[in-house]
Structure formats: structure tokens, C-alpha cells
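Secondary and tertiary structure notes
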Amino acid sequence: MSLLHFFGQTLRIATPYLFAAAGGALAERAGVVSLTLEGFMLGGAFGAAIGAWLGGGAWFGILGGLAVGLLLGGLHALGSIRFGADQIVSGVAINLLVVGATRFALQLAFDSSSNSPRIAGFDGFANPLIWAALLLTPLLAVLLNRTRLGLRIRAVGEHPQAAATLGVPVARVQAVAVVISGGLAALGGAYLTLDQHQFTDSMTAGRGFIALAAVIFGRWQPLRAAVACLLFAAAETLQIQLQATQWIAAQFVVMIPYVLTIVAVAGAVTRAKPPAALGRPLAS
Amino acid sequence: MISVRWLHWADLVLPPLVALAVALVAGDLLILSYGQAPGSVWRLLLEGTWGNSYGIGQVLYKATTLTCTGLAVALPMRAGLFNIGAESQLAAGAFATALVASLLPTATPLLLAAPLCIAGAMVGGGLVGAVPGVLRARYGAHEVIVTIMLNFVVLALLNWLVSTYWHVPETLHTPTITSGQMPRLSQLFPQFHGSAANWSWLPVALTAGLVQWALQRSQAGFALRAVGFQPLAAENAGILVGRVWRQALTWGGALAGLGGINFVLGYKGYYEDGLAGGAGFLGIAVALVGRNHPLGVVAAALLFATLSQGGLAIHALVPKQMVEVLQAVVILAMAMAVPEVRRLLRTALTPRRRAP
């Protein structure tokens with residue numbers, strides 16, 4: 001196994017994580033819980049299949065995935081910000097909704113209970129989303145730490161009352177963050193569909209939760225979260241490469257991100273501290 | 001003048017009704033999108049569930065598991081904790097009960113085997129529930145994150161245990177147990193023949209009643225609710241908040257684990273990888289619609305079980321996945337309706353004042 005091959009495979013596995021973790025970091029820094037990443041990704045994956053199928057090209061797939069992600073982000077914003085629904089409950093509901101809705105739509109659109117027909121996609125590193133994911137992380141870090149909007153987002157996530165007093169439109173900032181986070185995570189899902197030239201039922205298989213783990217393990221900072229994504233992806237790559245040797249059971253490699261995250265929130269080394277107002281909307 | 005008691009009931013009962021109405025409308029749209037008549041699909045759904053004894057048996061079977069996972073979410077919620085770990089707690093309970101049953105000598109009398117197996121299920125689930133409880137109480141780790149992550153860890157661990165050490169070749173399930181089987185309902189009532197309904201519902205129903213009693217009448221239940229209302233006040237009143245957190249999540253896990261008996265002792269007779277099948281996550285919905293009251297949880301479990309089973313009944317006309325969408329719509333609508341109804345009730349009752 002060449003080193004280059006190893007890095008290449010790690011990057012390809014990390015791409016959907018990078019997108020979803022960027023979305024997760026954005027929404028959570030604005031104080032909105034991101035249990036929805038899994039649903040956003042799966043929705044994006046399906047949107048990509050529909051887009052590429054109807055439009056007849058892989059770029060339409062990216063658009064389709066993005067559109068579904070923005071819509072789902074809007075739904076989460078409507079529920080948890082406009083109606084003040086519990087963000088965790090809304091997140092769980094959206095995840096379940098997307099699983100059911102994509103299955104229903106698979107039947108409706110393709111008359112299949114398991115997968116879409118073969119669609120246009122990108123092969124390997126010709127996939128622009130890989131390079132977009134690499135660019136995205138520094139962009140998000142700059143946005144959060146160096147711009148006015150970023151400052152507002154952080155203020156809203158740390159102390160919404162104070163932000164509101166200073167004239168920041170708290171609900172609007174949060175809604176924008178959540179909608180964008182939906183679009184970003186959905187691009188991660190779209191990557192999967194376009195990479196495999198097909199949508200299959202529940203194809204995201206928990207990747208949204210790995211991305212959430214990366215956000216938490218990266219202490220809600222985009223760069224650290226991206227490093228965590230690469231780390232988790234490298235572990236997966238190793239596991240795939242070492243599968244033949246039976247050196248370690250695959251199940252234990254699967255556990256790595258989750259165990260590390262539990263250790264991180266329990267503060268074994270230093271506590272990972274979430275944004276102060278995470279999950280608590282501004283009382284109206 | 002509207003009494004406070006009436007208001008309390010309105011606040012409790014209106015949101016589920018709103019959520020059901022929204023789900024009905026969403027269902028109509030989905031049915032129409034598939035080119036069918038809503039009326040006939042809904043009729044089919046009811047006929048396939050409550051219209052014959054097989055359907056009733058299936059609903060009862062599914063509601064039994066959902067009651068357990070619903071209680072597993074509802075109980076910690078009354079202490080202000082969100083348990084998203086019912087999925088893995090249920091699996092761990094099922095695994096533990098299969099382990100206990102297989103260790104017992106063949107044909108141990110049921111009156112001896114059943115309590116042991118039930119205890120095993122609760123210990124298995126309780127162990128998984130204790131982890132977030134301890135981490136929350138001692139290190140302040142958020143239970144939502146811990147329970148989500150723990151789901152994946154525990155399910156992977158169980159998968160590893162079963163696939164490496166304890167399975168029937170060519171399958172992902174354990175050998176069939178030879179003691180502790182819960183008899184099927186059809187042994188006493190032949191009309192339930194063919195359905196998975198079994199006597200597990202009895203210990204589960206008793207447990208639901210017990211939880212209701214414990215919450216409302218026992219000292220521990222009072223402490224738990226006090227912590228849920230206002231942890232700081234509870235702490236000042238001398239309640240050990242950390243201990244309540246630990247106990248609430250541990251018992252929550254034990255309740256989810258109890259659900260494992262329904263599948264293992266009552267239906268299949270073995271532990272099987274993936275048996276939870278989303279029942280843990282639906283427990284969140286059940287607790288939500290049941291307003292975190294044990295008796296409400298039972299009612300909500302029956303509702304969601306009806307939807308699950310109804311999906312199979314309507315499959316001839318509309319894809320059964322429709323009910324998965326509807327279940328999610330109920331949760332989403334419910335989550336939005338709870339604060340909205342409260343807000344509307346408050347505005348409707350506040351005496352109108354002129355602007356100064």
C-alpha cells in the first residue's frame with residue numbers, strides 16, 4: 001500500500017464528513033443542536049440522485065442535493081426557531097422523516113425499495129466536491145472568526161440575550177446558520193451518491209453522527225473538526241487496508257470516533273465545552 | 001372562568017390531537033401523490049390493525065416494545081434528561097436476557113425462569129443507561145451526546161460478540177433458548193394464532209403502572225420530578241441532584257432493556273443482531289406524544305404500533321414506507337405544537353390590556 005494511495009483514500013472517505021462537520025460546526029456555534037446532520041446528508045444524497053436523473057448530468061446532482069439540504073435546513077429552522085420546538089426532538093424527527101421520505105420517494109420515482117438506477121456522477125478525484133470540501137474548512141474558519149456575520153453567529157450561540165440587546169436579529173442569524181448547515185451537510189450526502197453513481201436506501205449509514213462526533217471532538221472549531229474528520233477517515237482507511245490481516249476486529253475501528261467523543265465530553269483530557277446557549281433558544 | 005385543572009388538561013391533550021390532525025393531512029397528500037383514494041387507504045389501515053384478531057395481536061406485540069422504550073425516554077425526561085440511547089439499551093437488554101435464558105437449565109419452571117430473565121434484561125439495559133448517568137453526574141458530560149455515541153459503541157460491541165463468539169453458523173442470531181420462553185397469547189386465545197403477541201405485555205404493563213406510581217407517590221419520584229423542574233432549587237432542598245441523574249438514566253436504560261424480553265422470550269427465542277430496528281428511536285416519539293406520563297406512553301405506544309402494523313396492511317395500495325413518514329410528521333408536528341399551544345393558551349387567557 002503506497003502512502004499516496006492511503007492519503008487519497010482517506011481524503012475520499014473524509015469528504016462527506018468534512019461537509020457535514022462544517023455544517024454542524026456552523027449551526028452549533030449559532031446555538032442550534034445538529035442532530036439533523038444525518039438526515040440532511042441522506043436528503044442530499046437523494047436530491048443528488050433526483051437532480052442527476054432529471055437533469056441528466058452530475059452537476060445537476062450537486063444542485064439537487066443542495067436544494068434538498070437547504071429545504072431540510074429550512075424545516076429544522078421553522079420547527080426549532082419559529083415554533084420553538086425542542087431542537088433535539090426536531091432533529092430526531094427530521095432524521096426519521098428523511099429515512100421514510102426517501103424510501104417512499106424511491107418507490108414513487110423509481111419503483112424500487114432499495115436503490116435508484118445508475119445515474120451520472122464523478123469518478124474518483126474528478127469529483128469537484130472533494131476539492132470543495134478542502135477549501136470549505138478554511139473558508140468557514142475565516143467566516144466564523146474574522147467576519148461580522150461570524151461574530152454575530154458566535155454571539156448568538158454564546159449569549160442570545162446579550163446579542164439581542166445589541167440589535168442582532170437572533171432568530172434570523174440562527175435560521176441562516178441552520179439553512180446553510182443543511183446545504184453543506186447535504187453536499188456531503190450528494191458526494192456519496194455521485195461517487196457511487198447511485199442512491200441506495202439509508203446510504204449515509206450514520207456518517208452524519210460521525211461528523212457530529214468530529215464537531216464535538218474538535219471542540220466546535222472548524223479547523224479542529226476537520227482534523228478530526230481526517231483522523232476518523234484515516235482510521236477507516238487503515239481498517240479497510242488491514243481487513244485481510246484480521247489484526248483487529250472491524251467493529252472496534254467503527255467505535256473509534258464515538259469512544260473518542262465520549263471521552264472528550266467527559267473531559268478525560270480537557271473538557272470539550274459546547275457553545276453556552278446550545279439548544280436553548282431565546283425566550284420570546 | 002376557566003379552571004386551572006381544565007387548562008392543564010388542554011395543555012396536555014391538545015398538542016397530540018393537533019399532531020394527529022397534521023399527520024392525517026400529510027398522509028392524505030402522500031396517498032394522493034401515489035394516485036390512491038385516501039378514504040380507502042385509511043380504512044384498510046384500520047381494518048388491518050384493529051379489524052381482526054391477528055392485527056390486534058401484532059399491534060399489542062409492537063406496542064409492548066414501544067412502551068418500554070417510551071418509558072425509557074419518559075422517565076429520565078421527568079428529571080430533565082434526554083435519553084437517546086434506548087436503541088442500544090433495548091439491544092443490550094435483549095442480549096442479556098438471551099444470555100440468562102441460555103445459562104438456565106433446560107425447562108426451568110417459567111415462574112422461576114421469567115423473573116430471572118426479566119431481571120437480566122433490566123440489568124443489561126441498566127448497565128448501558130448507567131454510563132451516561134455516571135458521566136453526567138460526575139463529569140457533567142451531556143447525556144444527549146453520550147447516549148447517541150454509546151448507541152453506536154454498544155451496537156458494534158454486541159455485533160462483535162454475536163458474530164465472533166455466539167451465533168448459529170450462517171446467521172447473526174444466537175441459538176434458540178430452552179427456558180424462559182413467554183407463552184404466546186394464542187395458547188389461551190386461539191384467535192391470535194399467527195401473531196407475535198405473547199405474555200410479555202403483562203410484566204411491561206405492570207411496570208408502566210409501577211413507574212406511574214413511583215413518579216407520583218414515592219419519595220424517589222418526588223426527588224426526580226423536583227430535579228426536573230428546577231435542579232438548583234432541588235439541590236438547595238437537600239436532594240442529591242447527581243444521584244438522581246444517575247438513577248434516572250440507569251432506570252431508563254433498565255426500562256428499555258425490559259423491552260428485550262418481548263422479542264427474545266416471547267417471539268423469536270433468540271437474540272438477533274439488529275433486533276431493535278428503530279424501536280429505540282421511536283421511543284422518543286412515544287414519550288413525546290405520551291407527554292412523559294407512563295399511562296400516556298402506553299396510549300402513544302398503541303398509536304405508533306398501529307401505524308407500524310398498518311403500514312403492512314396498506315402496502316397493496318401505497319408503499320408501507322408511508323407510515324415511516326407519518327410517524328416522523330407526528331413527532332415534528334408534536335414538537336412544534338407543544339410550545340405553540342402553550343403560547344396560544346397563555347395569550348387567550350391573559351386579560352387584554354390597552355397599550356399605555
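Residues numbered from 1 in each chain as written. Chains lettered and ligands numbered in written order. Predicted model: local features only at pLDDT ≥ 70, side-chain atom pairs only at ≥ 80, totals over all residues. Heavy atoms only, no water.

Helix and strand content of chain A: 11 helices and 0 strands. Written out in order from the N terminus, the α and β elements of chain A read α-α-α-α-α-α-α-α-α-α-α. For chain A, whose C-alpha radius of gyration is 18 Å, the value lies close to the compact-globule estimate of 19 Å for 284 residues. Principal-axis analysis of the C-alpha atoms places the extent of chain A at approximately 55 × 45 × 30 Å. Working note: accessible area of chain A is about 11,500 Å², and carbon and sulfur atoms make up 66% of it. (Helix = DSSP H or I, 4+ residues; strand = E, 2+ residues; numbered from the N terminus. Rg over C-alpha atoms; globule rule 2.2 N^0.38 Å. Areas by Shrake-Rupley, 256 points an atom, 1.4 Å probe, with all protein chains shown as cover.)

So, about the overall build of chain B. Secondary structure assignment for chain B yields 14 helices and 0 strands. Starting at the N terminus, the α and β elements of chain B follow one another as α-α-α-α-α-α-α-α-α-α-α-α-α-α. Its C-alpha radius of gyration of 21 Å places chain B within 12% of the 21 Å reference for a compact globule of 356 residues. Over its C-alpha atoms, taken along the principal directions, chain B stretches across nearly 80 × 60 × 35 Å.

On to empty space enclosed by the protein. Residues and elements named next belong to chain A. What the rule picks out here adds up to 2 cavities of 30 Å³ or more. Here the largest cavity is characterised by a volume of approximately 60 Å³. If you go around the largest cavity, the residues you meet are Leu18, Ala21, Ala22, Ala25, Thr137, Leu140, Pro222, Ala225 and Ala226. Secondary-structure elements contributing two or more residues to the lining of the largest cavity are α1 (3-29), α5 (128-146) and α10 (222-242). Among the elements that line the lining of the largest cavity, the one with the most residues is α1, at 4 residues. Each residue belonging to the lining of the largest cavity can be placed in one class, and the counts come to 8 nonpolar, 1 polar and no charged. As a volume, the second largest cavity reaches approximately 40 Å³. As for the second largest cavity, its lining consists of Leu26, Leu143, Leu149, Ile153, Val173, Val176, Ala177 and Ile180. Among the elements that take part in the lining of the second largest cavity, helix α8 (residues 170-196) stands out by supplying 4 residues, more than any other. (1 Å grid on protein atoms, 1.4 Å probe; cavity = no way out; pocket = protein on both sides within 12 Å on 5 of 7 lines; lining within 4 Å. Points joined across faces, edges and corners; volume = space filled by probe spheres on them. Nonpolar A, V, L, I, M, F, W, Y, C, P; charged D, E, K, R; others polar.)

Right, let's talk about the nonpolar core for a bit. By size, the foremost hydrophobic cluster in this structure holds 192 residues, and its most contacted members are Leu35 and Leu194 of chain A together with Met149, Tyr271 and Met322 of chain B. Looking at this core, the element that brings in the most residues is helix α14 (residues 321-349) of chain B, giving 14 residues. In contact with Leu194 of chain A, other than residues within four places in its own chain, are Ala48, Ala52, Ala58, Gly61, Ile62, Ile119, Ala120, Gly121, Phe122, Asn127 and Leu129 of chain A. (Core = buried A, V, L, I, M, F, W, Y, C linked by side-chain atoms within 4.5 Å. Buried < 20%, exposed > 50% of the residue type's maximum accessible area, 1.4 Å probe, protein only. Contact = heavy atoms within 4.5 Å.)

Right, let's talk about helix α10 (residues 241-258) of chain B for a bit. The first and last C-alpha atoms of α10 of chain B sit 26 Å apart over 18 residues, in line with the 26 Å expected at 1.5 Å per residue. Turning to α10 of chain B, its buried residues are Val241, Val244, Trp245, Ala248, Leu249, Gly252, Gly253, Ala254, Leu255, Ala256, Gly257 and Leu258 of chain B. (Expected span 1.5 Å × (residues − 1).)

Looking now at the packing of helix α2 (residues 37-55) of chain A against helix α4 (residues 87-110) of chain A. Residues and elements named next belong to chain A. Packing of α2 against α4 brings their axes to within 8 Å, and their N-to-C directions diverge by 20°. In terms of orientation, α2 lies roughly parallel with respect to α4. In this structure, the crossing between α2 and α4 has a hand that is left-handed. Where α2 approaches α4, its residues Glu38, Gly39, Phe40, Leu42, Gly43, Phe46, Ile50 and Trp53 are matched on the opposing element by Ile94, Asn95, Val98, Val99, Thr102, Ala105, Leu106, Ala109 and Phe110. Looking at the contact of α2 with α4 residue by residue, the classes come out as 12 nonpolar, 4 polar and 1 charged. (Axes fitted to C-alpha atoms, helices over the stretch in contact; angles between N-to-C directions. Parallel < 35°, antiparallel > 145°, perpendicular 65-115°, else oblique. Left-handed = near helix turned anticlockwise from the far one by under 90°.)

Let's shift gears to the packing of helix α4 (residues 86-103) of chain B against helix α11 (residues 260-268) of chain B. Two quantities define a packed helix pair, namely the angle between the axes and the distance from one axis to the other. Residues and elements named next belong to chain B. Closest axis-to-axis distance for the α4/α11 pair is 7 Å, and the angle between their directions is 35°. Crossing handedness for the pair α4 and α11: right-handed. Contacts between α4 and α11 involve Leu90, Gly93, Ala94, Thr97, Ala98 and Ala101 from the former and Gly260, Ile261, Val264 and Leu265 from the latter.

Now for the pattern of salt bridges. Here the structure, examined in full by the defined rule, presents 7 salt bridges over all chains. In this structure, Arg342 of chain B engages Asp11 of chain B in a salt bridge whose closest nitrogen and oxygen atoms are separated by 3.0 Å. Highlighted residues: Arg342 of chain B in helix α14 and Asp11 of chain B in helix α1 (residues 4-33), separated in sequence by 331 residues. Between Glu143 of chain B and Arg136 of chain B there is a salt bridge; the shortest N-O distance is 2.6 Å. Take Glu143 of chain B: its relative accessible area is 2%, and that puts it in the buried class. Of the residues examined, Arg136 of chain B reaches a relative accessible area of 18% and is grouped as buried. Through salt bridges with shared partners, a single network forms among Arg82 of chain A together with Glu340 and Arg343 of chain B. (Salt bridge = Lys/Arg side-chain N within 4 Å of Asp/Glu carboxyl O.)

This next bit is on the packing of aromatic side chains. Residues and elements named next belong to chain A. Under the criterion given, the structure shown has 17 aromatic pairs over all chains. Between Phe46 and Phe199 the ring centres are 5.1 Å apart and the planes differ by 85°, which places this aromatic pair in the edge-to-face class. With Phe46 in helix α2 and Phe199 in the loop between α8 and α9 (207-217), the pair connects residues that are 153 residues apart, well separated along the chain. Phe199 carries the same exposure label as Phe46, and that label is buried. (Phe/Tyr/Trp six-rings, centres within 6.5 Å; stacked < 30°, edge-to-face > 60°.)

If you check the backbone angles, His197 of chain A has positive phi at about 60° while not being a glycine. Inspection of the secondary structure assignment puts His197 of chain A in the loop between α8 and α9. In this model, Arg291 of chain B sits at a positive phi of 55°, which is unusual for a non-glycine residue. Mapped onto the fold, Arg291 of chain B is located in the loop between α12 (279-289) and α13 (294-313).

Many authors give the size of an interface as the accessible area that is lost as the parts come together. On the side of chain A, 40 residues touch chain B, which itself brings 39 residues to the contact. Carbon and sulfur atoms supply 81% of the area buried between chain B and chain A, which totals about 3,600 Å² over both sides. Remark: the boundary between chain B and chain A carries 2 salt bridges. In this structure, Glu340 of chain B and Arg82 of chain A form a salt bridge, with 3.7 Å as the shortest nitrogen-oxygen distance. Viewed at the interface, chain A and chain B are joined by 4 residue pairs in polar contact (both at pLDDT 80 or more). Taken together, the elements giving at least two residues each to the side of chain B that touches chain A come down to α1, α5 (110-139), α6 (143-165), α12 and α14 of chain B. Of the residues in the side of chain B that touches chain A, the class split is 31 nonpolar, 5 polar and 3 charged. (Buried area = accessible area lost by both parts, 1.4 Å probe. Polar contact = N/O pair within 3.5 Å; in protein donor to acceptor, adjacent residues only side chain to side chain.)

So, on to the side chain of Thr65 of chain B. Summarising the element assignment, Thr65 of chain B is placed in helix α3 (residues 53-78). Excluding residues within four positions of it along the chain, Thr65 of chain B makes contact with Leu90, Gly259, Asn262 and Ala279 of chain B.

Turning next to a nonpolar patch on the surface. Taken together, Trp9, Val13, Leu14 and Leu17 of chain B make up a surface patch of nonpolar side chains, about 370 Å² in accessible area. Positionally, Leu17 of chain B belongs in helix α1. (Patch = residues over 30% accessible without salt bridge, like charges linked within 9 Å, V, L, I, M, F, W, Y side chains within 5 Å.)

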